[in-house]
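Structure at a glance
Now for the letters of each chain:
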Amino acid sequence: MKLVHFFPIQILLLLAVTCPALAYDSLLCDPCAPSRSVFDSCYKPKCFWDDFKLYGWLQTGLLTNNHGMTNKYDPTAPNGPCSQLDALSGNSYLLMSGQQTDLQVNQLWLGVAKPIDVSRSFDWGIQYDMFFGTDAKYGQSFGDQSFDYGWGTGDYYLSIPQLYGEVGGNGFKMRAGKFAPSMVTEALPAPATFFYSHAYICFNTPLTVTGAVGEYTLGKKITLSAGWTAGSLSSFRNRFGDDGFIGSVAWRPTTMASISYNIFRASMNGLNKRADAATRFDRNYDSSHQTVQTLVLSRQIGQRWTYIIEGLLANNSFDFAPGDYTSKAYGINQHLIYTINDRWKGGLRAEWHHADGTIFDIPPLTGGESGDIYEITLGLNWNPIPNFNVRPELRYDWTHYANGFKPFNNGRASDQLSGGCAMMVNF
């Protein structure tokens, strides 16, 4: 990996040393007591960076399956030998958990942010996130193969999933840059998810987009957002001129419940127009579009229970000279979380996903053209000390395809039992 690719780390280190207020913050200080000297443990110097926050985490873990499949790689992939994990090997298509024979660093994440306060008449904010690990390739600008695309090889990559600025006030804000939309419950950052593995619903939603979005909050219950994106997983360059719309309506009827509708509609021509023939998937279509809609309902039941149900409807259309091709997916994903005490939480995830030419089959290649995918995951979250989390889980996946397609165990099994554990440290 070229040294120039690590310039984001240098920026974060520079922020930390140029403003001591970012480097330490004693919780034992009396905020009303005057500072006596720069060597006082309660000294908090004022500078331009007072409103900024540094944060990060490290997640490492292992997920393995009953088939004992080893990780296999495609030496003919564009980035060189051992650069592309074979989807049929390892854990077979489990998003962000594909490698099953190695203890892996999923995310070493560093970020800096200045949150915007829209209750003011005018304010501004920025957010900049970068991370290294096996999950990082899912945050790269794959759509147009520019910016952070290709930073890494084998299992480990470096990504900048978010880099944006915001301005606004009086309940309104405008965001511009690269960011991760929240169309489903499970997100790219590890602390935002309860389980170590991810649901199939994540396959059909954009994990990152680049564009401009406006958001307006009506009172305290309704939030509206709408904006333009450069397709999906693309960068600021937008090499192939993709266009997209992203919007949402969120309603919080009470402090215990919320419901949101999210929509994403964009052209995806970059997948076919890349100069490198090895990445074109032999589709040779004239144009393509993707439409994704999700509906997410969250409800807190009493003091201990949280229930989340989300629905997905996704369509992909490909226009060919001889005719059109359409793939689609729809399904329901559910979470039930129970707080046992201050240190322990238990969770159940149950998902049904119907796929026509998606997930296990990249259209118009042959494979699982129409089938139902199911998964049930049991997990625990243990916080023995602050900022440290242990997440064991047990997961069972099974599928039924009309043509007999079997996605697991190198195409020989229609089900898979997997289990593992992740450890995460926040700093």
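Every value quoted in this text rests on a predicted model; they were computed, and no experiment measured them.

**Side note on the nonpolar core**
One recurring pattern in soluble globular proteins: nonpolar side chains tend to sit buried together. Judged by nonpolar contacts, the single largest core of 26 residues is most densely connected at Ile201, Phe264 and Val292. Contributing elements (two or more residues each) for this core: strand 5 (156–169), strand 7 (209–218), strand 10 (257–267) and strand 12 (305–319). For valine 292, the residues in contact, after removing those within four places along its chain, are Met183, Asn204, Thr205, Asn262, Ile263, Phe264, Leu312, Leu313 and Ala314. By size, the runner-up hydrophobic cluster in this structure holds 10 residues, among which are Ala355, Ile373, Ala413 and Ala422.

**Comments concerning the packing of aromatic side chains**
Taken as a whole and judged by the stated rule, the model has 15 aromatic pairs. Ring centres 4.8 Å apart and planes at 20° place the aromatic pair tryptophan 57 and tryptophan 109 in the stacked group. Residue tryptophan 57 is located in strand 1 (residues 53–65), and its partner tryptophan 109 is located in strand 2 (residues 104–114); the two are separated by 52 residues in the primary sequence. Plain terms: the ring middles of phenylalanine 132 and tyrosine 156 are 5.6 Å apart, the flat faces sit at 15° to each other, and that makes the pair stacked. Here the residue phenylalanine 132 occupies a position in strand 3 (residues 123–133), and tyrosine 156 occupies one in strand 5, the gap between them amounting to 24 residues.

**Describing the pairing of strand 8 (residues 222–229)**
Alignment of strand 7 against strand 8, held across eight bridges, turns out to be antiparallel. Within the sheet, the bridge partner assigned to glycine 211 lies in strand 8 and is threonine 229. Between strand 7 and strand 8, which pair antiparallel and follow one another directly, the connecting turn spans three residues, one of which, glycine 219, has a positive phi of 65°. Here eight bridges tie strand 8 to strand 9 (residues 244–254), and the two strands are oriented antiparallel to one another. Across the sheet, residue leucine 224 finds its bridge partner in strand 9, namely valine 249.

**Describing unusual backbone geometry**
Glycine aside, a negative phi is what most residues show, and trans is what most peptide bonds show. In this model, asparagine 170 sits at a positive phi of 55°, which is unusual for a non-glycine residue. On the basis of relative accessibility, which here comes to 55%, the residue asparagine 170 falls in the exposed class. One non-glycine residue, asparagine 387, lies in positive phi territory at about 70°. Note on placement: asparagine 387 falls in the loop between strand 15 (371–382) and strand 16 (388–401).

**What to know about the pattern of salt bridges**
Per the counting criterion, the structure on display carries 12 salt bridges. Across the pair lysine 114 and aspartate 123 runs a salt bridge, and its minimum N-O distance is 3.3 Å. Each member of the pair, lysine 114 as well as aspartate 123, is classed as buried. Across the salt bridge formed by aspartate 123 and arginine 120, the nearest N and O atoms sit 3.7 Å from each other. A residue is classified by how much of its surface remains accessible, and aspartate 123, at 5% relative accessible area, is buried. The class of arginine 120 is partly exposed, set by a relative accessible area of 44%.

**Section: the side chain of asparagine 238**
Locating asparagine 238 in the fold gives a position in the loop between strand 8 and strand 9. Judged by its relative accessible area of 15%, asparagine 238 is buried. Among the polar contacts made by the side chain of asparagine 238, one reaches the main-chain amide nitrogen of aspartate 242 at a distance of 3.1 Å. Ignoring any residue separated from it by four or fewer positions in sequence, one finds asparagine 238 in contact with Asp144, Trp228 and Ala230.

**Details of the environment of valine 118**
On the secondary structure map, valine 118 appears in the loop between strand 2 and strand 3. Put simply, valine 118 and tyrosine 216 are 98 residues apart on the chain and 9.3 Å apart in space, counted from C-alpha to C-alpha. With residues near it in sequence (within four places) discarded, valine 118 still touches Gly169, Asn170, Gly171, Phe172 and Lys173.

**Focus: the pairing of strand 16**
Where strand 15 lies against strand 16, 10 bridges are found, and the strand directions are antiparallel. Looking across to strand 16, one finds that leucine 378 is bridged to leucine 394. Counted along the chain from strand 15 to the antiparallel partner strand 16, the turn is five residues long, and its residue asparagine 387 has a positive phi close to 70°. Sheet analysis places strand 16 next to strand 17 (residues 415–426), joined by 11 bridges and oriented antiparallel.

**Overview of the environment of asparagine 409**
With respect to the secondary-structure elements, asparagine 409 resides in the loop between strand 16 and strand 17. Taking the relative accessible area as the measure of exposure, asparagine 409 reaches 14% and is therefore buried. Considering only alpha carbons, one finds asparagine 409 and methionine 69, 340 residues apart in sequence, at a separation of 6.5 Å. With near-sequence residues (within four places) excluded, asparagine 409 lies in contact with His67, Met69 and Ser92.

**Digging into the confidence of the model for the chain**
Caution applies to low-pLDDT regions: their predicted coordinates should not be interpreted in detail. Across the chain, pLDDT averages 80, with 77% of residues at or above 70. Every residue in residues 274–283 scores below 50 in pLDDT, and together they form 24 contacts with partners more than four places removed in sequence or on other chains. In this model, residues 362–368 is a region of pLDDT below 50 whose contacts with residues beyond four sequence positions or in other chains number 20 contacts.

**Remarks on the environment of glutamate 186**
In this structure, glutamate 186 sits in the loop between strand 6 (172–179) and strand 7. Residue class for glutamate 186 comes out buried when judged on its relative accessible area of 6%. Taking the C-alpha atoms as reference, glutamate 186 lies 7.7 Å from alanine 199; in sequence the two are 13 residues apart. Looking at glutamate 186, its side chain comes within polar contact range of the side chain of histidine 335, at 3.2 Å. Looking at glutamate 186, its side chain comes within polar contact range of the side chain of arginine 349, at 2.7 Å.

Reading the values: rules and limits
Residues numbered from 1 in each chain as written. Predicted model: local features only at pLDDT ≥ 70, side-chain atom pairs only at ≥ 80, totals over all residues. Heavy atoms only, no water. Core = buried A, V, L, I, M, F, W, Y, C linked by side-chain atoms within 4.5 Å. Buried < 20%, exposed > 50% of the residue type's maximum accessible area, 1.4 Å probe, protein only. Helix = DSSP H or I, 4+ residues; strand = E, 2+ residues; numbered from the N terminus. Contact = heavy atoms within 4.5 Å. Phe/Tyr/Trp six-rings, centres within 6.5 Å; stacked < 30°, edge-to-face > 60°. Pairing = 2+ DSSP bridges. Salt bridge = Lys/Arg side-chain N within 4 Å of Asp/Glu carboxyl O. Polar contact = N/O pair within 3.5 Å; in protein donor to acceptor, adjacent residues only side chain to side chain. pLDDT = per-residue confidence, 0-100.

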